[in-house]
Amino acid sequence: MPGVPTLALASALAACLTGIGGYAYGVHVGTAQEQAAQKARDDARETLRQQTQARIDTSAQAHQAREYARQTTVRDIYHESEKIIDRPVYGAACIDADGVRLLDRAAATANGQREPDPAGPAAQPSAAPAR
């Protein structure tokens with residue numbers, strides 16, 4: 001019976017081709033399903049991004065409106081204080097003894113020198129009236 005092995009071989013080949021075809025179809029369907037699921041996730045992510053951006057834009061506009069309202073109601077407050085002059089700064093001698101001593105000390109410090117002796121004789125303070 002020479003036809004029986006050929007028929008069995010043909011049946012086995014048909015079964016393999018059907019299996020390969022089914023596998024290819026399953027891969028195609030699985031790929032399509034995965035692509036559809038990925039598109040749904042991308043759409044959901046984009047919708048969430050748009051909603052978040054809309055909230056940010058609304059918040060920014062509200063902040064700008066509040067800032068504009070605040071700036072229109074801001075007032076400048078000027079504070080005046082009375083200056084009391086203890087002794088004249090400018091007079092006939094320009095600077096009194098305390099001022100000269102402070103300037104000498106600042107100059108010595110800036111030049112890296114030893115501070116001058118603070119117990120030295122002091123000149124008389126200026127007798128000119130305050131201006």
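What counts as what
Residues numbered from 1 in each chain as written. Predicted model: local features only at pLDDT ≥ 70, side-chain atom pairs only at ≥ 80, totals over all residues. Heavy atoms only, no water. Helix = DSSP H or I, 4+ residues; strand = E, 2+ residues; numbered from the N terminus. Buried < 20%, exposed > 50% of the residue type's maximum accessible area, 1.4 Å probe, protein only. Areas by Shrake-Rupley, 256 points an atom, 1.4 Å probe, with all protein chains shown as cover. Salt bridge = Lys/Arg side-chain N within 4 Å of Asp/Glu carboxyl O. Expected span 1.5 Å × (residues − 1). Arc of directions from axis to C-beta.

Visitor: Any details on the overall build of the protein chain? Residues and values, ideally.
Guide: Assigned secondary structure in the protein chain consists of two helices and zero strands. With 131 residues in all, the protein chain has 4% of them scored as buried. For the protein chain, the accessible surface area stands at approximately 11,900 Å², while carbon and sulfur atoms represent 60% of it.

Visitor: Could you give an account of the pattern of salt bridges, with specific residues and numbers?
Guide: Pairing between side chains of opposite charge can happen when the charged atoms of each approach one another. Applying the stated criterion to the full structure yields five salt bridges. Close ionic contact of Glu34 with Arg41 constitutes a salt bridge, the shortest N to O distance being 3.3 Å. Across the salt bridge formed by Arg70 and Glu67, the nearest N and O atoms sit 2.7 Å from each other. Linking Arg70 with Glu67, this pair stays in helix H1 (residues 3–73), spanning three residues, or about one helical turn. Given the relative accessible area of 43%, Arg70 is considered partly exposed.

Visitor: So, helix H2 (residues 97–110): which residues are in play, and what are the values?
Guide: In an α-helix, one turn spans 3.6 residues; hence positions three or four apart end up facing the same way. Compared with an ideal rise of 1.5 Å per residue, which puts 14 residues at 20 Å, H2 spans 20 Å between its outermost C-alpha atoms and is within 8% of the ideal. Considered for burial, the residues of H2 that qualify are Ala97, Gly99 and Ala108. Here the buried residues of H2 occupy an arc of 165° about the axis, which is enough to place them on one side. Set apart from the buried face of H2 by more than 90 degrees, the exposed residues are Leu102, Leu103 and Ala110. Backbone geometry just after H2 places Gly112 at a positive phi near 75°.

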